[in-house]
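Descriptive analysis of the structure
Chain by chain, the residues run as shown.
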Amino acid sequence: MSSIKKLLFAGTTLSIVLLAACGGTSPTAAPVATSAPAATAAPKAAEATKPADKPAAGAKQITVWYQFDEKNTDPKYDERDSAAWLRKTLPLFNTEMAGKYTLVNQPQAFDKMGLLVVQAVQGGGEIPDVMTSASGGLSGLLKNGTLTDLTDWIKAQSWFATLDPNSVAACTGPDGKIYCVPTVSSPILVYYWVDYFPGGFPKTTDELVKVAADLKAKKVSALTYFGSTDFGGNAVGRYFYTAVASFGGKFDDGKGQMKLNTPENIAALTWMRDVAVKGYNPETVFAGKFQEEESFKDASAAAFPTGLFGYRYVNPLTSPKGTKYETKTSKDMIDAINAGEVKLASFPAGPGKTSGCGTDYGTLIIPKGAKNLEGAQAYINWLMDPKQNAEYVFGPGGGIPTSSATAKDPLFSTSFYKQGIAATTGLCTTWYGSLTNTPDAAKIIATAIYNIIKGDVKSDIATVLTKAETEYNKANQ
Amino acid sequence: MAATAQVVSKPKPGMHSRRIRQSFLSRTLPFWLLLPSLLVLAVIQFYPGFYSIFLSTQDYQGGTMKYVGLQNFSKVIGSSSFTDSVWLTLMFLLGYAILTLSVSFTVALFLNRKLRLSGLYLTVIFIPWVLSDIIAGLVFRLFVVPDYGLLAPVFASPLFGSPDGISLLTTPPPSPLTEAIPFPPAPAMFLLIFAAAWKAVPFITLLILAALQTVPREVLESASIDGANGIASFRFITFPLVVPTLVVAMFNLTLGGINGVGMVFSLTNGGPGTATEVLSFLLYTLGFGQLEFGRAAALSVLMTVINLVLIALALRMSHSDSEGYKF
């Protein structure tokens, strides 16, 4: 080989090496993935990099990061309902605050928002004034110094007293300070096709297994759920924790340590493994990227434990009778519920236990370094007004209000909400409890549970759980 | 005359220093021409590279960096996901390099014959190369999504394992032969290797084809006159002459395979479970998913070391090129 060739070869390979060294490590240098994997990710996330619309003369700009884009009017857009809400409320806010503030949305993919804000804060990028975050994602933001302490301000607001104390606790860091404003609770419950459960949805896991065997004979899966390790272990907060909690289990010891090897968890995982091994779920549950929804949409699966927000994404629908709900909007699920073909229920309870329910809180945060702190606070105040808050919770929030004042709004007296509230009230807890490194915990727990129920169904459950908890506790001393 | 010559040869005031300046400029001209590129490289490659090394010794706590020495390295190396990931990367690289090289070599040999429409074949074969990893991965995924993918029923046949066949995306790996090594791999790993090879074959084919076309026809004709048949000509003439290109191709594939994340991201997302969580994907999830920048930086430094070892090997082998290969 000639020396020029060698030089070229060495140069190319050295460049690759250096790219490997810098790619994905430095928050200031990390490239943003151009293709978000999430079914719910905003397809026009790239627009976020465009310069924001100019505020009206004299008005200060408030930059908000939502996972939806009000400019996207594509009827197939996953976040079309949320986008419609913003199309309606953004001018409303700007009119009310004319001359003072102008709100500008910079849409971001939901699973990249955390990373992007850390990059912005640490790397000196454009920091939003306010953005959304699930309470489960706060620990990563807190560790990276991205959150503004809101304690004094939030306690001084009139709506603070109306907030559910559990939601405030979810916004409170290990140092006792409040870092977010909880707007909505997103509990996990079961959507089910009524026709498959003529005797009502099973109250216990034993009853469910009996029905599941009958359904399997009719080539219908009893349960579909998000069971992959996709999205950094997102499954943990959904079916995984809800099923475990229904056997009285949990993932922490209440003192910040992971505790998985408990009799309750082992009982739950034995049942979950049984369901998977006997084929009471479709194979799509392990395929990731929210593929499991398809089986509920075409009624090849009878029940779907997912977030209350699921109604926004699971459409169009074809019922077991063949009725089609095809507006391809959240209206489809609401119509199916109003028609009595779909109902909501609590997850069945394990033997001698009560139903469990995982929840996460949708929150608003003000990142450290936000240019318009006052504007951000003004926007949050506006959103927490019961009327605006109700529409937010009903629209993009897709959950149950954290504010008791908002809960009185007639929007929450519909059949859908009545069922949802009845199925979850007093049952729900966060999956992470006292764990402080939730991204790490989610990945470790999701991988362990996946391995138990699908990866290696002959493995010793206690051994797998002990290994997982040791790994987390060792890495997070 | 002599006086005139003396006058001519006498330097004017300031000429000496100008000459020195000119000679300095001409000597350093390559440096000045390279400077803009070096500056760009420094900003986009060297700075983040060295910053990553710095970051690998730090831990963020409440936004404040704290020096932790080699703690991030011990956390990464001590995690089961890292050891599994190293083995999975090795399996992926072996499968990817062997499949790509063998298919590319076969296709290149085929195209090296004077065929009708060989230009068209070459164009068609090149299509996968122009697709992005993300798009290629998504397309392959759509083919095999359980229950709904076009090819899912084929693999669900009992031919692939009784009674329900396999699902390329979700069937977990068989029980490992030993506790320490996740072998044999999951069907998803074969899918990943196939998809990655499908994407890489065109470029490697072109490389090998170019090398094949440099094999002197006279040598082959002489060998034929001397009684060498096709196999002997290939074994003793064509193949040894193409080996340097194969070495370059192999290291190109290996380095690209270690560092590439797009295909894993869009095709398997590391799953099922962690069955396709190769090092580059682990790096991605640690840094971008879990926001553990210190640990991710430590992993990237470890990957750099692996890359450097491979480069050293490549350079060594390419050096031995001049001394000839022995088989």
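Please read all numbers here as calculations on a predicted model, not as lab measurements.

Take the overall build of chain A next. On a plain count of helices and strands, chain A comes out with 18 helices and twelve strands. Taken over 477 residues, chain A has a buried fraction of 59%. Taking contacts inside chain A between residues at least 6 apart in sequence as the whole, the part at least 24 apart equals 74%. Working note: accessible area of chain A is about 18,000 Å², and carbon and sulfur atoms make up 56% of it.

Residues and elements named next belong to chain B. Note that the residue after Phe183, namely Pro184, is joined by a cis bond; omega there is 5°. Note on placement: Pro184 falls in the loop between helix H8 (152–155) and helix H9 (187–212). With an omega of 0°, the peptide bond between Gly271 and Pro272 qualifies as cis. For Pro272, the position within the fold is in the loop between helix H12 (262–267) and helix H13 (279–289).

Residues and elements named next belong to chain B. Residues Phe110, Leu117, Leu120, Tyr121, Val124, Ile127, Trp129 and Val130 make up a contiguous nonpolar surface patch of roughly 790 Å² in combined accessible area. Breaking the nonpolar patch down by element, the ones donating at least two residues are helix H5 (118–125) and helix H6 (127–130). Along the chain, Val124 falls in helix H5.

In this section: the environment of Trp85 of chain A. All names here are of chain A. Its place among the elements puts Trp85 in helix H2 (residues 80–96). Using a relative accessible area of 7% as the deciding quantity, one classes Trp85 as buried. For the pair Trp85 and Asn338, spaced 253 residues apart in the sequence, the C-alpha separation amounts to 22 Å.

The next thing to look at is helix H7 (residues 205–217) of chain A. The α-helix winds at 3.6 residues per turn, so residues separated by three or four positions along the chain end up facing the same way. All names here are of chain A. Between its terminal C-alpha atoms H7 stretches 19 Å, which fits the 18 Å expected from 13 residues at 1.5 Å a residue. Those residues of H7 that fall on the buried side of the exposure criterion are Thr205, Leu208, Val209, Ala212 and Leu215. One side of H7 carries all its buried residues, which in axial view fall inside an arc of 120°. More than 90 degrees from the buried face of H7, the exposed residues found are Lys210 and Ala217. Residue Lys219 follows H7 closely and has a positive phi angle near 60°.

This brings us to the nonpolar core. Ranked by size, the top nonpolar core spans 120 residues in total, and within it Tyr66, Val181, Tyr379 and Ile380 of chain A together with Phe92 and Leu299 of chain B carry the most contacts. Looking at this core element by element, the count peaks at 13 residues for H9 of chain B. With sequence-adjacent residues up to four places away left out, Phe92 of chain B is seen in contact with Met189, Leu192, Ile193, Ala196, Gly257 and Val278 of chain B.

All names here are of chain A. Inspection of the secondary structure puts Pro107 in the loop between strand S2 (101–105) and helix H3 (113–123). Among the residues examined, Pro107 registers a relative accessible area of 4% and is labelled buried. Distance in space between the C-alpha atoms of Pro107 and Gly256 is 34 Å, their sequence separation being 149 residues.

Before going further, it helps to spend a moment on the pairing of strand S4 (residues 181–193) of chain A. Residue and element names in this part refer to chain A. Most of S4 sits inside the fold, with 13 of its 13 residues counted as buried. In terms of strand pairing, S4 meets strand S10 (residues 357–365) through six bridges, oriented antiparallel. Residue pairing across strands places Val184 opposite Gly362, the latter belonging to S10. Alignment of S4 against strand S11 (residues 400–401), held across two bridges, turns out to be antiparallel. Paired with Val184 across the strands is Pro401, a residue of S11.

Turning next to the pattern of salt bridges. All names here are of chain A. Under the defined criterion, the tally for this structure stands at 15 salt bridges over all chains. Across the pair Asp195 and Lys321 runs a salt bridge, and its minimum N-O distance is 4.0 Å. Highlighted residues: Asp195 in the loop between S4 and H7 and Lys321 in the loop between strand S7 (317–318) and strand S8 (324–325), separated in sequence by 126 residues. For Lys321, a relative accessible area of 61% corresponds to the exposed category. The residue Asp335 makes a salt bridge to Lys331 at a minimum N-O spacing of 2.9 Å.

Below, the discussion takes up the state of the cysteines. All names here are of chain A. Under the counting rule described, the total for this entry stands at two disulfides over all chains. With a sulfur-sulfur separation of 1.8 Å, Cys171 is cross-linked through a disulfide to Cys180. Disulfide Cys171-Cys180: the torsion about the S-S bond is -100°, which places it as left-handed. A residue is classified by how much of its surface remains accessible, and Cys171, at 2% relative accessible area, is buried. For Cys180, a relative accessible area of 0% gives the class buried. Paired through a disulfide, Cys357 and Cys428 show a sulfur-sulfur distance of 2.0 Å. An S-S torsion of about 85° defines the bridge between Cys357 and Cys428 as right-handed.

What follows concerns the confidence of the model for chain A. Residues and elements named next belong to chain A. Of the residues in chain A, 88% reach a pLDDT of 70 or more, and the chain-wide mean stands at 88. Per-element averaging of pLDDT across chain A places helix H1 (residues 3–22) at the bottom with 47 and helix H10 (residues 263–277) at the top with 98. Note on residues 1–5: pLDDT under 50 across the span, and five contacts to partners over four residues away in sequence or across chains. For the stretch residues 13–52, pLDDT sits under 50, and the model shows 101 contacts to residues farther than four places along the chain or on other chains.

What counts, and at which threshold
Residues numbered from 1 in each chain as written. Chains lettered and ligands numbered in written order. Predicted model: local features only at pLDDT ≥ 70, side-chain atom pairs only at ≥ 80, totals over all residues. Heavy atoms only, no water. Helix = DSSP H or I, 4+ residues; strand = E, 2+ residues; numbered from the N terminus. Buried < 20%, exposed > 50% of the residue type's maximum accessible area, 1.4 Å probe, protein only. Contact = heavy atoms within 4.5 Å. Areas by Shrake-Rupley, 256 points an atom, 1.4 Å probe, with all protein chains shown as cover. Patch = residues over 30% accessible without salt bridge, like charges linked within 9 Å, V, L, I, M, F, W, Y side chains within 5 Å. Salt bridge = Lys/Arg side-chain N within 4 Å of Asp/Glu carboxyl O. Expected span 1.5 Å × (residues − 1). Arc of directions from axis to C-beta. Core = buried A, V, L, I, M, F, W, Y, C linked by side-chain atoms within 4.5 Å. Pairing = 2+ DSSP bridges. Disulfide = S-S within 2.5 Å. pLDDT = per-residue confidence, 0-100.

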